[in-house]
Amino acid sequence: MSVLVLALAVGAACCLGFGFVLQQNAAQHAPLSDFLSPRLLLDLIRVPRWLAGIGLMVAGMVLGALALGHGEVSQVEPLLATNLFFAMALSRWQTKQSLGRQGWAGLTLLAGGVTAFMVAGQPQGGNEVAGPLRHWLIIGIVVGIAMLLTVAAQRSRLSAGPTLLALAAGTLYGLQDALTRVTGERLSAGGWSHALTGWQPYVVVALGVSGLILVQSAFETAPLRMSLPALTAAQPLSGIACGIGFLGDRLRTDIAALTWEAIGLAAIVGGIVLLGMHPAMPSGTAPEERTKDLQSH
C-alpha cells in the first residue's frame with residue numbers, strides 16, 4: 001500500500017468520524033414523524049451543525065474516492081473503519097470521559113485487526129472481470145439485504161431498529177465504494193464523457209442518498225452507540241465482498257492467511273463494538289415525550 005493511499009484513507013476516516021458525531025447531535029432533535037422519509041433531510045438542512053457534519057462527510061467521501069482510485073477496495077475499506085477512532089476522539093472531548101480499559105482495548109483491537117487483515121490478506125487489485133449476470137446478482141443481493149434490514153427496522157424502531165438501519169446503510173455504502181472505484185476507472189480511461197455515460201455514477205448517487213436517509217433515521221431515534229458501530233462494521237465487510245465478488249480483487253487464500261484474515265476481521269468488529277459502547281460516545285437519548293411520539297407512529 002502506498003503512503004498516498006494510506007494518507008487519503010485515514011484522512012477520509014477522520015472526516016467521516018467527526019461528521020457522523022455532528023450529524024447525530026443535530027438529528028436527535030429532528031421530528032420523529034420524518035422517520036425514514038426524505039423530509040428528514042429537508043428538516044435537517046436548516047441546522048448549521050448538521051450541515052457542518054454533512055460537509056465533513058462529503059469531504060470524507062471525496063478523500064475515500066481518491067483513495068479507491070489509487071488503491072483497492074479490500075485495502076481502503078478496513079482503513080475507513082477507523083473513522084470510529086475520530087468519532088471517539090470528538091465524543092471524548094465533548095463528554096470529558098477518559099478512555100479507560102474498554103477504550104484502549106477497543107482501539108487496540110481495531111488497529112490490530114486492520115493490521116492483521118492487511119498483512120495476512122495482502123489485497124491485490126483486479127479488473128472488472130465479472131460478467132453482467134454475476135455483477136448484477138451481487139448488486140441485487142446487497143440491495144436486497146439492505147431492504148430486508150430496513151423492513152425489520154420499521155417493525156422494531158425502539159429496540160433493534162437503529163442498529164438494523166445502520167447495518168443497512170453500511171451495506172449500501174460498501175456497495176457505493178465499489179461502484180465509486182468503477183466510476184474512477186472509467187474516468188481515468190475515457191474522461192468525464194466516458195464516466196457519465198455509464199450507469200455507475202448515478203447508482204452511486206442513489207445509494208448515497210438512500211444511505212443518508214437510513215443513517216439520519218438511525219441517528220434520530222437512538223444513541224450514537226447503537227448505530228455508528230454497526231455502520232462502521234457493515235461498510236468494510238460489504239465493500240470487501242463487492243470488491244472480490246465483481247471487481248476481481250484478490251486476497252491470499254492459503255489456510256494460514258485465511259485464518260489471520262478472519263481473526264483480523266473479528267478483531268475489527270470487536271473493537272468497533274467496544275468503542276461504540278464506551279461511555280465517551282454521546283448518549284443522545286431522546287426525551288421521554290419523543291419516545292412516546294415514536295411509539296405512536
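Going along each chain's sequence as written, the residues are numbered from 1 onward. For this predicted model, a pLDDT threshold of at least 70 governs which residues receive local features, and a threshold of 80 or more governs which side-chain atom pairs are given and counted, while totals over whole chains, interfaces and linings are taken from all residues. For the side-chain quantities, the full set of heavy atoms in the structure was used; hydrogens and water were omitted.

Participant: Break down the packing of aromatic side chains for me, with residues and values.
Facilitator: Paired rings are identified among Phe, Tyr and Trp, the last through its six-membered ring, by centres lying within 6.5 Å, and are further divided according to the angle between planes into stacked (under 30 degrees), edge-to-face (over 60) and tilted (the rest). Going through the model one piece at a time under the given rule, you end up with 3 aromatic pairs. Here F18 and F86 contribute two aromatic rings whose centre-to-centre distance is 6.2 Å and whose plane-to-plane angle is 90 degrees, an arrangement assigned as edge-to-face. Here F18, found in helix α1 (residues 3–27), pairs with F86, found in helix α5 (residues 83–95); they are 68 residues apart in sequence, far enough to count as distant. A ring pair is formed by F20 and F219, whose centres lie 6.2 Å apart and whose planes are at 75 degrees; its orientation type is edge-to-face. Of this pair, F20 sits in helix α1 while F219 is found in helix α9 (residues 200–221), placing the two residues 199 residues apart along the sequence. The secondary structure listing takes helices from DSSP runs of H or I that are at least 4 residues long and strands from runs of E that are at least 2 residues long, numbered from the N terminus.

Participant: I'd like a rundown of the state of the cysteines, residues and numbers included.
Facilitator: A pair of cysteine sulfur atoms is labelled a disulfide when the two atoms are within 2.5 Å. Under the defined criterion, the tally for this structure stands at 0 disulfides. Just so you know, C15 is unpaired, no disulfide at all, and the nearest cysteine sulfur is the one on C14, 5.5 Å from it.

Participant: Go over the pattern of salt bridges with me, naming the residues and quoting the values.
Facilitator: When a carboxyl oxygen of Asp or Glu is within 4 Å of a side-chain nitrogen of Lys or Arg, the pair counts as a salt bridge. What the rule picks out here adds up to 2 salt bridges. Between R181 and E185 there is a salt bridge, and its shortest N-O distance comes to 3.3 Å. Of the two residues, R181 and E185 are both situated in helix α8 (residues 161–196); the distance of 4 residues between them amounts to about one turn of the helix. One salt bridge in this structure joins R252 and D254, with 3.3 Å as the shortest N-O distance. Burial here depends on accessible area, computed with a 1.4 Å probe over protein chains only, as a share of the maximum for the residue type. Under 20% is buried, over 50% is exposed, and the range in between is partly exposed. Under the relative-accessibility criterion, R252 is labelled partly exposed at 35%. For D254, a relative accessible area of 35% corresponds to the partly exposed category.

Participant: Outline the side chain of T150, supporting the account with residue identities and numerical values.
Facilitator: Tracing the backbone through its elements, the reader meets T150 in helix α7 (residues 132–155). What makes T150 buried here is its relative accessible area of 15%. Here the side chain of T150 touches A146 through a polar contact of 2.8 Å, landing on its backbone oxygen. Contacts were defined at the residue level, with two residues in contact if any of their heavy atoms lie within 4.5 Å. Here T150 is in contact with L36, L165, A168 and L214, once residues within four sequence places are set aside. Two N or O atoms count as a polar contact when they lie within 3.5 Å, although within protein this holds only if one can serve as hydrogen donor and the other as acceptor, and sequence-adjacent residues are included solely when both atoms are side-chain atoms.

Participant: Please give an account of α8 that cites residues and values.
Facilitator: Here α8 spans only 36 Å end to end across 36 residues, well under the 52 Å set by a 1.5 Å rise per residue. To get the bend at any residue, fit one axis to the seven residues that end at it and another to the seven that begin at it, then take the angle between the two axes. Of all the bends in α8, the largest measures some 135 degrees and sits at G190. Given the number of residues in a helix, its expected span is that number minus one, multiplied by 1.5 Å.

Participant: Break down the packing of α7 against α8 for me, citing the residues and quoting the values.
Facilitator: Angles shown run from 0 to 180 degrees and are taken between the N-to-C directions of axes, each axis being a line fitted to C-alpha atoms and, for helices, limited to the stretch in contact. The N-to-C vectors of α7 and α8 enclose an angle of 160 degrees; their axes lie 7 Å apart at closest approach. Classed by the angle they form, the pair α7 and α8 counts as roughly antiparallel. Every pair of crossing elements has a handedness; the one defined by α7 and α8 is left-handed. Within the contact between the two elements, α7 uses H135, I139, V142, V143, A146, L149, T150, A152 and A153 and α8 uses G161, L164, L165, L167, A168, T171, L172, L175 and L179. Split by residue class, the contact of α7 with α8 holds 14 nonpolar, 4 polar and no charged. Each angle gets one of four labels, with under 35 degrees taken as roughly parallel, over 145 as roughly antiparallel, 65 to 115 as roughly perpendicular, and the rest as oblique. What makes a crossing left-handed is the near helix being turned counterclockwise from the far one by less than a right angle; a clockwise turn instead makes it right-handed. Following the grouping adopted for this structure description, the nonpolar residues are Ala, Val, Leu, Ile, Met, Phe, Trp, Tyr, Cys and Pro, the charged ones are Asp, Glu, Lys and Arg, and the polar ones are all others, Gly among them.

Participant: Requested: an account of helix α4 (residues 73–80), with residues and values cited.
Facilitator: For an α-helix, 3.6 residues make a turn, and residues three or four places apart therefore share a direction. In terms of burial, α4 is largely enclosed, as 8 of its 8 residues are buried. Listed as buried for α4 are V73, S74, Q75, V76, E77, P78, L79 and L80.

Participant: Could you give me a rundown of the packing of α4 against α8, with the residues and numbers involved?
Facilitator: Axis angle and axis distance: for two packed helices, these are the angle between their axes and the distance between the axes, and together they describe the pair. Closest axis-to-axis distance for the α4/α8 pair is 11 Å, and the angle between their directions is 140 degrees. Considering the angle they form, α4 stands oblique to α8. Crossing of α4 against α8: the hand is right-handed. Along the contact surface, α4 presents V73, E77 and L80, while α8 presents G174, D177, A178 and R181. Considered class by class, the residues forming the contact of α4 with α8 number 3 nonpolar, 1 polar and 3 charged.

Participant: Please give an account of empty space enclosed by the protein that cites residues and values.
Facilitator: Here a cavity means grid points, on a 1 Å grid over the protein atoms only, where a 1.4 Å probe fits yet cannot get out; a pocket means an open set of points with protein on both sides within 12 Å along at least five of seven lines; lining residues are those with an atom within 4 Å of a point. Grid points are joined across faces, edges and corners, and a volume is the space filled by probe spheres set on the points. Tallying each qualifying case throughout the model produces 1 cavity of 30 Å³ or more. The computed volume of the largest cavity comes to approximately 50 Å³. P78, A233, P236, L237, I240, L265, I268 and V269 are the residues that line the largest cavity. Those elements giving two or more residues to the lining of the largest cavity turn out to be α10 (228–246) and α11 (255–276). The leading source of residues in the lining of the largest cavity is α10, at 4 residues. For the lining of the largest cavity, a count of residues per class yields 8 nonpolar, no polar and no charged.

Participant: Lay out the layout of surface pockets with the relevant residues and their values.
Facilitator: Looking at the largest pocket, its volume works out to about 930 Å³. Along the walls of the largest pocket sit 36 residues, with M61, V62, A65, T180 and V204 positioned nearest its centre. Elements with a contribution of two residues or more to the lining of the largest pocket: α1, α3 (48–70), α8 and α9.

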